[in-house]
2 protein chains.
Amino acid sequence: MRAHPDERAVIAEFRRALGLRGPHEDAEAAAFCSTRLLAKVDTLVASTDVPPGMSLREAARKAVVACVSDFAAKGARPRLALVSVTLPPRTTRPQVRQLASGLAGAASEFGMAFLGGDTNGGEGLSITVCAMGEAPRRVPRRSGARAGDIVMATGPFGHAAAGLAIATSRRRLAATVRFAAAARRALVRPTPPLRFCAGAAHLFTASMDSSDGLAATLWEIASQGRVRIEVDAAPVGGGVREFAAENGLDAMGLVLYGGEEYETVFACRASSRPALRRRAARLGVNLLEIGRVERGRGVYLADSGRRSRMRNAGWRHLSA
Amino acid sequence: MRAHPDERAVIAEFRRALGLRGPHEDAEAAAFCSTRLLAKVDTLVASTDVPPGMSLREAARKAVVACVSDFAAKGARPRLALVSVTLPPRTTRPQVRQLASGLAGAASEFGMAFLGGDTNGGEGLSITVCAMGEAPRRVPRRSGARAGDIVMATGPFGHAAAGLAIATSRRRLAATVRFAAAARRALVRPTPPLRFCAGAAHLFTASMDSSDGLAATLWEIASQGRVRIEVDAAPVGGGVREFAAENGLDAMGLVLYGGEEYETVFACRASSRPALRRRAARLGVNLLEIGRVERGRGVYLADSGRRSRMRNAGWRHLSA
């Protein structure tokens, strides 16, 4: 059975879209002057990571975003990338073109160049992106938060989980046209705060990308830093409370445990606040102060006059 | 349904086996002093790339080998790697351990360190390895073969295809115990000529890894170099002709079109022959002179007194 498109045609399509003009090589070399390489690999598996209504172009872009988001959290810029695409039987040429165009668009959007890649046939679509770049002089770790720091996040949160609920719920959820559009955009077209963080990460004492969910991210920063985080201003996205109330959903669940937001959560000294706020305002980035770091352990949330221990839960790829 | 093993446990298993001792980070930084980065990504898809009888440990090793082989062909040494593993439902802890141990063993065998990775749930098992290393001062291209060069290959060829035939044929194929063992080893435990090539590639005018099959490799080198290749000593593995005759198979088909050999095929000046032979003898590498480069186009094979045009065919992942 030759249900797959011809490999040469597929490779040619990707190479053209990704701007790989030279002859095909076994491994690709790039001038790359660095003493500290930062690298990240991430796989998007269509069956679990691509909700109904998301185009292949958007899926391919999101595969790149997953890596870019980790670079953002570390204040680094991705420069080079490799991609490995596994295509299911009966993938069509237009579908290949959509994937290639999504990858190429993302590379251009985030200032990266694809070095090369690999194509395979398999049961389902998956896209693995490996991004490489130069690490900043001091890479903020997940573990550096100290008592007295404040906790900030680019955001807001809750739209992506609302978008996922709208896309996957068996019942028809009520949402205003505007909210539904914002929720869909957050889900299918997340944009990590790459530029903001590149010039701000030297002020982060700890940082992490939020793609596993806000709660899981805060718990990781608290655990690695052996500190307690008190969240007193959960970064609830506009319209999330109303959407949740209307549909009998838990607004704080959407905000804390939904995942799929490619934002950066960080701790910093309180004295860094003005500089970070100025930079965010200048770049049009929505920067939110969500809480503070204290001595102790755990993550606590003050919401609607009640303080409670946040669950250490979030998006778990392998147990979904 | 929670059929997948817990993600934290899986990650912990991989991190322990791969020697990732520090806390988990978003993206991993490594001291890497290089002005020319060489990078390669390759995905092993179990449903198409793992024949019956191959263990998960061997499959994981082979995922690394696929990248290492491309580095070998370019005379480079892989140094760092990232891995993304997609696990099907009902993957057990012992299976995770086997995969992790195969990756770790390969890293140690080939002198590489894993920087980090990603785990996902999906329909089928796949392993994507991204390897990075320092490019040699002059990377041999696929395109550099010139009339007058000789063509050499590490080898021999045909065992892996025989091993695949034995593993997958519906009928029971006849083979001596010794040949069956050699064929199985070639299929499940290929070893690229990394060390030989690292000190020999400066003498290659053109080179390529042979994993798509000997014929496809020779055709690529001939096409990119705009030259003709005359093969007058096909590198037929020991026992391959007898095995093929006994089972009504085409020996030359196994040698030329089987693929799955992770050898290096290269062209070089005839004057480089003695130095290359000495190096191969010293390292115990089986180096074979298989033909010569001439003006013209195409690839021709002289075998058993007959000269014929070689088919430009080989292993095609997407049309399998």
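You'll find the structure just up there.
Residues numbered from 1 in each chain as written. Chains lettered and ligands numbered in written order. Predicted model: local features only at pLDDT ≥ 70, side-chain atom pairs only at ≥ 80, totals over all residues. Heavy atoms only, no water.

Enquirer: Report on the pattern of salt bridges, specifying residues and quantitative values.
Expert: Residues and elements named next belong to chain A. Tallying each qualifying case throughout the model produces 30 salt bridges over all chains. A salt bridge links Lys62 to Glu260; the nearest nitrogen and oxygen atoms lie 2.8 Å apart. Of this pair, Lys62 sits in helix H3 (residues 56–73) while Glu260 sits in the loop between helix H10 (251–257) and strand S8 (264–268), placing them 198 residues apart in sequence. You can call Lys62 buried: its relative accessible area is 2%. Accessibility expressed as a relative area gives 10% for Glu260, which makes it buried. Where Arg277 meets Glu289, a salt bridge forms, and the shortest distance between an N and an O atom there is 3.2 Å. Here Glu289 lies in strand S9 (residues 287–294) and Arg277 lies in helix H11 (residues 273–283), a separation of 12 residues in the sequence. By relative accessible area, which is 45% here, Arg277 ends up partly exposed. (Salt bridge = Lys/Arg side-chain N within 4 Å of Asp/Glu carboxyl O. Helix = DSSP H or I, 4+ residues; strand = E, 2+ residues; numbered from the N terminus. Buried < 20%, exposed > 50% of the residue type's maximum accessible area, 1.4 Å probe, protein only.)

Enquirer: Could you give an account of H11(A), naming the residues involved and the relevant values?
Expert: Residue and element names in this part refer to chain A. All buried positions along H11 are accounted for by Leu276, Arg279 and Ala280. Down the axis of H11, the buried set is contained in an arc of 100°. They therefore lie on one face. Residues of H11 that are exposed and point over 90 degrees away from its buried face: Arg278, Ala281 and Arg282. In this fold, the buried residues of H11 make contact with strand S5 (150–154), helix H7 (194–198), strand S6 (204–209), S8 and S9. Taken from the residues just after H11, Gly284 is the one with a positive phi, measuring 70°. (Arc of directions from axis to C-beta. Contact = heavy atoms within 4.5 Å.)

Enquirer: So what's going on with a positive patch on the surface? Which residues, and what values?
Expert: Residues and elements named next belong to chain A. On the surface, a cluster of positive charge is contributed by Arg77, Arg79, Arg195 and Arg282. Tracing the backbone through its elements, the reader meets Arg195 in helix H7. With a relative accessible area of 54%, Arg195 lands in the exposed category. (Patch = residues over 30% accessible without salt bridge, like charges linked within 9 Å, V, L, I, M, F, W, Y side chains within 5 Å. Areas by Shrake-Rupley, 256 points an atom, 1.4 Å probe, with all protein chains shown as cover. Lys, Arg positive; Asp, Glu negative; His and termini not counted. Charge placed at Lys NZ, Arg CZ, Asp CG, Glu CD.)

Enquirer: Account for the side chain of Thr86(A), with residues named and values stated.
Expert: Position of Thr86(A) relative to the elements: it lies in strand S2 (residues 77–87). In contact with Thr86(A), other than residues within four places in its own chain, are Asn120(A), Gly121(A), Gly122(A), Gly124(A), Leu125(A), Ser126(A), Thr43(B) and Val45(B).

Enquirer: Go over the packing of helix H3 (residues 56–73) of chain B against helix H4 (residues 93–110) of chain B with me, naming the residues and quoting the values.
Expert: Residue and element names in this part refer to chain B. Axis separation between H3 and H4 bottoms out at 7 Å; the angle between their running directions is 35°. Seen from above, H3 lies across H4 with right-handed handedness. Contacts between H3 and H4 involve Leu56, Arg57, Ala60, Arg61, Val64, Val65 and Val68 from the first element and Gln95, Gln98, Leu99, Ser101, Gly102, Leu103, Ala106, Glu109 and Phe110 from the second. Tallied by class, residues from the contact of H3 with H4 come to nine nonpolar, four polar and three charged. (Axes fitted to C-alpha atoms, helices over the stretch in contact; angles between N-to-C directions. Left-handed = near helix turned anticlockwise from the far one by under 90°. Nonpolar A, V, L, I, M, F, W, Y, C, P; charged D, E, K, R; others polar.)

Enquirer: Any chance you could break down the sheet that holds S8(A) for me, citing the residues and the numbers?
Expert: All names here are of chain A. Reading across the sheet, the seven strands line up as S6-S8-S5-S9-S7-S10-S11 and stay open at both edges, with mixed pairing between neighbours. Looking along the sheet, the strands with just one partner apiece sit at the ends: S6 and strand S11 (306–309). Strand after strand, the sheet turns through a mean of 25° between neighbouring axes, direction not considered. Of the pairings in the sheet, the one linking strand S7 (residues 228–231) to strand S10 (residues 298–303) comprises four bridges and is parallel in character. (Pairing = 2+ DSSP bridges.)

Enquirer: So what's going on with the packing of helix H5 (residues 159–168) of chain A against helix H6 (residues 177–188) of chain A? Residues and values would help.
Expert: Packed helices, taken two at a time, are described by their axes: the angle between them and the distance between them. Residues and elements named next belong to chain A. Viewed as axis vectors pointing N to C, H5 and H6 meet at an angle of 100°, and their least axial separation amounts to 7 Å. Relative to H6, the element H5 is oriented roughly perpendicular. Here H5 contributes His159, Ala160, Ala162, Gly163, Leu164 and Ile166 to the contact with H6, which in turn contributes Phe179, Ala180, Ala182, Ala183, Arg184, Ala186 and Leu187. Looking at the contact of H5 with H6 residue by residue, the class counts come to 10 nonpolar, two polar and one charged. (Parallel < 35°, antiparallel > 145°, perpendicular 65-115°, else oblique.)

Read these as geometric descriptors, not functional statements.
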